[in-house]
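So the chains spell out like this:
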Amino acid sequence: EAGVVQSPRYKIIEKKQPVAFWCNPISGHNTLYWYRQNLGQGPELLIRYENEEAVDDSQLPKDRFSAERLKGVDSTLKIQPAELGDSAVYLCASSFGDPANTGELFFGEGSRLTVL
Amino acid sequence: AQSVTQPDIHITVSEGASLELRCNYSYGATPYLFWYVQSPGQGLQLLLKYFSGDTLVQGIKGFEAEFKRSQSSFNLRKPSVHWSDAAEYFCAVGDGNKLVFGAGTILRVKS
């Protein structure tokens with residue numbers, strides 16, 4: 001069974017440019033998460049989807065970040081325009097239902113963004 | 001807000017030695033607790049989880065963790081470390097339908 005797939009793995013852009021990250025969750029997982037992991041820190045939630053609905057986007061900087069999960073399967077996270085402080089690893093994860101009940105989030109390998 | 005503290009940024013142990021990684025949490029109710037491992041260039045992988053019941057939980061790769069409510073701790077242990085255990089370890093607490101992670105502890109294994 002394929003795991004969570006993310007692309008691109010690495011992206012280097014100049015500030016003020018746009019960037020997009022794509023995530024395909026594990027088949028059948030209705031919950032999808034985008035986390036941001038800054039250097040030397042743990043992952044922090046940006047947004048959580050239940051199917052195609054964003055149910056927790058309180059930590060998403062909405063002035064420059066947007067996300068979508070149109071058909072309740074794969075998802076795209078966009079940053080426009082990017083700032084130097086956006087350099088981080090963007091992790092996508094999926095789960096079947098509430099991880100507090102199922103016990104596990106499955107993570108992709110992440111997309112490492114460098115903003116110059 | 002729920003939070004997780006991992007006091008040790010780096011830990012170095014000799015191969016074959018025992019290991020304990022510390023984790024303290026802040027949570028108002030009975031917590032759901034997790035340990036994840038992240039090898040370089042890889043995604044996070046679940047090692048073990050605690051929901052309820054026996055406070056000593058067993059995980060994959062020979063790891064175990066003990067939940068101590070009185071100390072608000074969930075420390076990860078392994079009796080004999082292998083070189084392949086070198087990675088970054090994250091403790092997390094379930095908060096509603098998401099996980100809140102600590103800052104991580106980098107484990108180095110010396111031969």
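Scroll up to find the structure this text is about.
Residues numbered from 1 in each chain as written. Chains lettered and ligands numbered in written order. Predicted model: local features only at pLDDT ≥ 70, side-chain atom pairs only at ≥ 80, totals over all residues. Heavy atoms only, no water.

Q: Even after reading the chapter, I still don't get the packing of aromatic side chains, so can you show me in this structure?
A: Two descriptors summarise a pair of aromatic rings, namely the distance from one centre to the other and the angle between the planes of the rings. With the rule as written, the count across this model stands at 15 aromatic pairs over all chains. Judged by centre distance (5.9 Å) and plane angle (55°), the ring pair of Y35 of chain A and F107 of chain A falls under tilted. Placement of Y35 of chain A in strand β4 (residues 31-37) and of F107 of chain A in strand β10 (residues 106-107) is noted, with a sequence separation of 72 residues between them. Judged by relative accessible area, Y35 of chain A falls into the buried class, the value being 0%. Using a relative accessible area of 9% as the deciding quantity, one classes F107 of chain A as buried. With a centroid separation of 5.0 Å and an interplanar angle of 65°, the aromatic rings of Y32 of chain B and F51 of chain B are classed as edge-to-face. Of the two residues, Y32 of chain B sits in the loop between β4 (24-26) and β5 (33-38) while F51 of chain B sits in the loop between β6 (44-50) and β7 (56-58), which places them 19 residues apart along the sequence. Looking at F51 of chain B, the relative accessible area reads 22%, which means it is partly exposed. Following the ring pairs from residue to residue traces out a cluster consisting of Y33, Y35 and F107 of chain A together with Y36, F90 and F101 of chain B. (Phe/Tyr/Trp six-rings, centres within 6.5 Å; stacked < 30°, edge-to-face > 60°. Helix = DSSP H or I, 4+ residues; strand = E, 2+ residues; numbered from the N terminus. Buried < 20%, exposed > 50% of the residue type's maximum accessible area, 1.4 Å probe, protein only.)

Q: Which parts of the structure should I look at to understand the state of the cysteines?
A: In protein structure, a disulfide is the covalent linkage between the sulfur atoms of two cysteines. A full pass over the atoms with the stated rule returns 2 disulfides over all chains. The partner cysteine of C23 of chain A in its disulfide is C92 of chain A, sulfur to sulfur 1.9 Å. Residues C23 of chain A and C92 of chain A share a disulfide whose torsion about the S-S bond is about -70°; that sign makes it left-handed. Separated by 69 residues along the polypeptide, C23 of chain A in strand β3 (residues 19-24) and C92 of chain A in strand β9 (residues 88-95) bring together distant segments of the chain. When sorted by exposure, C23 of chain A lands in the same class as C92 of chain A, which is buried. With its sulfur 2.0 Å from that of its partner, C23 of chain B forms a disulfide with C91 of chain B. Judged by the sign of its S-S torsion, about -65°, the bond between C23 of chain B and C91 of chain B is left-handed. Of this pair, C23 of chain B sits in the loop between β3 (19-21) and β4 while C91 of chain B is found in strand β10 (residues 87-95), placing the two residues 68 residues apart along the sequence. (Disulfide = S-S within 2.5 Å.)

Q: Quick question: what am I supposed to make of the pairing of strand β5 (residues 44-50) of chain A here?
A: Regular strands show a simple pattern: their side chains alternate between the two faces of the sheet. Residues and elements named next belong to chain A. Where burial is concerned, most of β5 is hidden: 5 out of the 7 residues are buried. Here β4 runs beside β5; their pairing, made up of 6 bridges, is antiparallel. Each residue of the ladder has a partner; that of T31, found in β5, is E50. Connecting β4 to the antiparallel partner β5 that follows it, the hairpin turn spans 6 residues, and G40 within it adopts a positive phi of roughly 80°. In this structure, the hairpin formed by β5 and strand β6 (residues 53-56) is closed by a connection of 2 residues, where N51 is found at a positive phi of approximately 55°. (Pairing = 2+ DSSP bridges.)

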